[in-house]
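Examining the three-dimensional arrangement
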Amino acid sequence: MRKTIISVGMSGCVIAILAGCDTRPEQEDVRSVDWYESHATERAAKLKDCMTSPRTLDATPDCVNASRAENNIKAATKWATPDEGVRTEPSIRN
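For the structure given in this document, a descriptive report is provided here. From a predicted model like this one, the values you see are computed outputs, not experimental measurements.

Taking 1.5 Å per residue as the helical rise, helix α3 (residues 40–52) with its 13 residues ought to reach 18 Å, and the 18 Å between its terminal C-alpha atoms agrees with that figure. Of all the positions in α3, only Arg43, Lys46, Leu47 and Cys50 are classed as buried. Buried residues of α3 fall within an arc of 100° about the axis and therefore sit on the same side. In α3, the exposed positions angled more than 90 degrees off the buried face are occupied by Thr41, Lys48 and Thr52.

This is the structure in structure tokens:
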């Protein structure tokens, strides 16, 4: 009787543990920062996806690479563009 109770209890624990296991979703290919820099529409779409569910996607390699590419593109733009308005031309001359 005692062995039966122990085996049923252990079986229940094993089933509970296995029921809690979740299969991982298949991960898509991770794009590089350079790839995102040269593909603006895909970069914008990925950043939009990353912002819609930041808890699950924000720290993924693909979101990080898209974000870095966006930062690189913005850093390479000329200052004093009409949409920024606040910045001025740099005064340092070579």
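Attention now moves to the side chain of aspartate 62. In this structure, aspartate 62 sits in helix α5 (residues 61–76). A polar atom in the side chain of aspartate 62 sits 2.8 Å from the backbone nitrogen of arginine 31. One polar contact links aspartate 62 to tyrosine 36, side chain to side chain, over a distance of 3.1 Å.

The next subject is the pattern of salt bridges. Using the criterion set out here, one finds three salt bridges in the structure. Among the ionic pairs, arginine 43 bridges to glutamate 70, the shortest N-O distance being 2.8 Å. One end of the pair, arginine 43, is in helix α3; the other, glutamate 70, is in helix α5, and 27 residues separate them in sequence. Residue arginine 43 is classed as buried on the basis of its relative accessible area of 7%. According to the relative accessible area criterion, glutamate 70 is partly exposed, its value standing at 22%. Put simply, glutamate 70 and lysine 74 hold a salt bridge, and the shortest N to O gap is 3.9 Å. One end of the pair, glutamate 70, and the other, lysine 74, are both in helix α5, four residues apart, so they sit about a helical turn from each other. The exposure class of lysine 74 is exposed, given its relative accessible area of 52%.

Parameters at a glance
Residues numbered from 1 in each chain as written. Predicted model: local features only at pLDDT ≥ 70, side-chain atom pairs only at ≥ 80, totals over all residues. Heavy atoms only, no water. Helix = DSSP H or I, 4+ residues; strand = E, 2+ residues; numbered from the N terminus. Expected span 1.5 Å × (residues − 1). Buried < 20%, exposed > 50% of the residue type's maximum accessible area, 1.4 Å probe, protein only. Arc of directions from axis to C-beta. Polar contact = N/O pair within 3.5 Å; in protein donor to acceptor, adjacent residues only side chain to side chain. Salt bridge = Lys/Arg side-chain N within 4 Å of Asp/Glu carboxyl O.

So yeah, pure geometry; function would need other evidence.
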